[in-house]
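The lines below spell out each chain.
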Amino acid sequence: MALKLHASFSPVFLVAATALLLFVLPSASAIRGAGAHSGNTNLCAHADYQALCKAVVKKEVHPAAATEKAIQAALKQANSAKSLAAKLEAAKKGAARGAFDTCNDNFDDAISSLQTSLTSLKAKDKGTLSTNLSAVISDTVTCGDGLSEGPAGFGADLVKANQLLRQHASNCLALAEQVH
């Protein structure tokens, strides 16, 4: 006569196994999933200037905190560009002075927009945040247009400072899109 083997599981074992599958394993997956988002690679993936973005954001994994860091870096660059524009403006006369004056005014506007952006970020006002970050880009375009009308090499250091500010502002916008 052949022996029949029946696997009999107790109800307690079945409940425990079901609980393990439903509650413990998904939690472990979520924790592993969070690790996949660590580092700034994902946050900077849509930035136009990824290397700059990664240098600013570093290991920040929270979009709002990364955006704040990026805005602070843009604010620092805007202040630096404004100082340079003011110095060049004071040293020049005529049309050159006018171009530097325009940039100086635009950097004032950019600084104000970046400060408002920080306030908007903390208030979770994405519309005002995006509008002000876009305004910074517009300010850099206006400055760049004025500088491009001069002779070759005209205000070269200010051109570079202005371009870097535009890059920072562009990255700020890309990061701000990820804030919820």
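All of the points below concern the structure found in this document. (Residues numbered from 1 in each chain as written. Predicted model: local features only at pLDDT ≥ 70, side-chain atom pairs only at ≥ 80, totals over all residues. Heavy atoms only, no water.)

1. Here we look at the nonpolar core
Then comes step 1: Ile71, Phe107, Leu114, Leu133, Leu147 and Leu165 are the most contacted members of the largest nonpolar core, which totals 41 residues.
Then comes step 2: At the level of secondary structure, the elements contributing two or more residues to this core comprise α2 (50-57), α3 (63-91), α4 (94-122), α5 (126-148) and α6 (156-176).
Then comes step 3: With 10 residues, the top contributor of residues to this core is α4. (Core = buried A, V, L, I, M, F, W, Y, C linked by side-chain atoms within 4.5 Å. Buried < 20%, exposed > 50% of the residue type's maximum accessible area, 1.4 Å probe, protein only. Helix = DSSP H or I, 4+ residues; strand = E, 2+ residues; numbered from the N terminus.)

2. Re the packing of aromatic side chains
Then comes step 1: According to the stated counting rule, one finds one aromatic pair in the structure shown.
Then comes step 2: Residues Phe100 and Phe154 carry aromatic rings whose centres are separated by 5.1 Å and whose planes lie at 15 degrees to one another, so their mutual orientation is stacked. Highlighted residues: Phe100 in helix α4 and Phe154 in the loop between α5 and α6, separated in sequence by 54 residues. Taken individually, Phe100 and Phe154 each receive the classification buried, so the pair is uniform in this respect. (Phe/Tyr/Trp six-rings, centres within 6.5 Å; stacked < 30°, edge-to-face > 60°.)

3. Re the environment of Thr119
Then comes step 1: When you line up the elements, Thr119 lands in helix α4.
Then comes step 2: Exposure remark for Thr119: the relative accessible area of 54% places this residue in the exposed category.
Then comes step 3: Sequence separation of Thr119 and Glu68 is 51 residues, and the distance between their C-alpha atoms is 9.9 Å.

4. Here's the deal with α3
At 3.6 residues per turn, the α-helix brings residues three or four places apart onto the same side.
Then comes step 1: The end-to-end C-alpha distance of α3 is 42 Å, a good match for the 42 Å that 29 residues give at a rise of 1.5 Å each.
Then comes step 2: Of all the positions in α3, only Ala66, Thr67, Ala70, Ile71, Ala73, Ala74, Leu75, Gln77, Ala78, Ala81, Ala85 and Glu89 are classed as buried.
Then comes step 3: Buried residues belonging to α3 abut α2, α4, α5 and α6. (Expected span 1.5 Å × (residues − 1). Contact = heavy atoms within 4.5 Å.)

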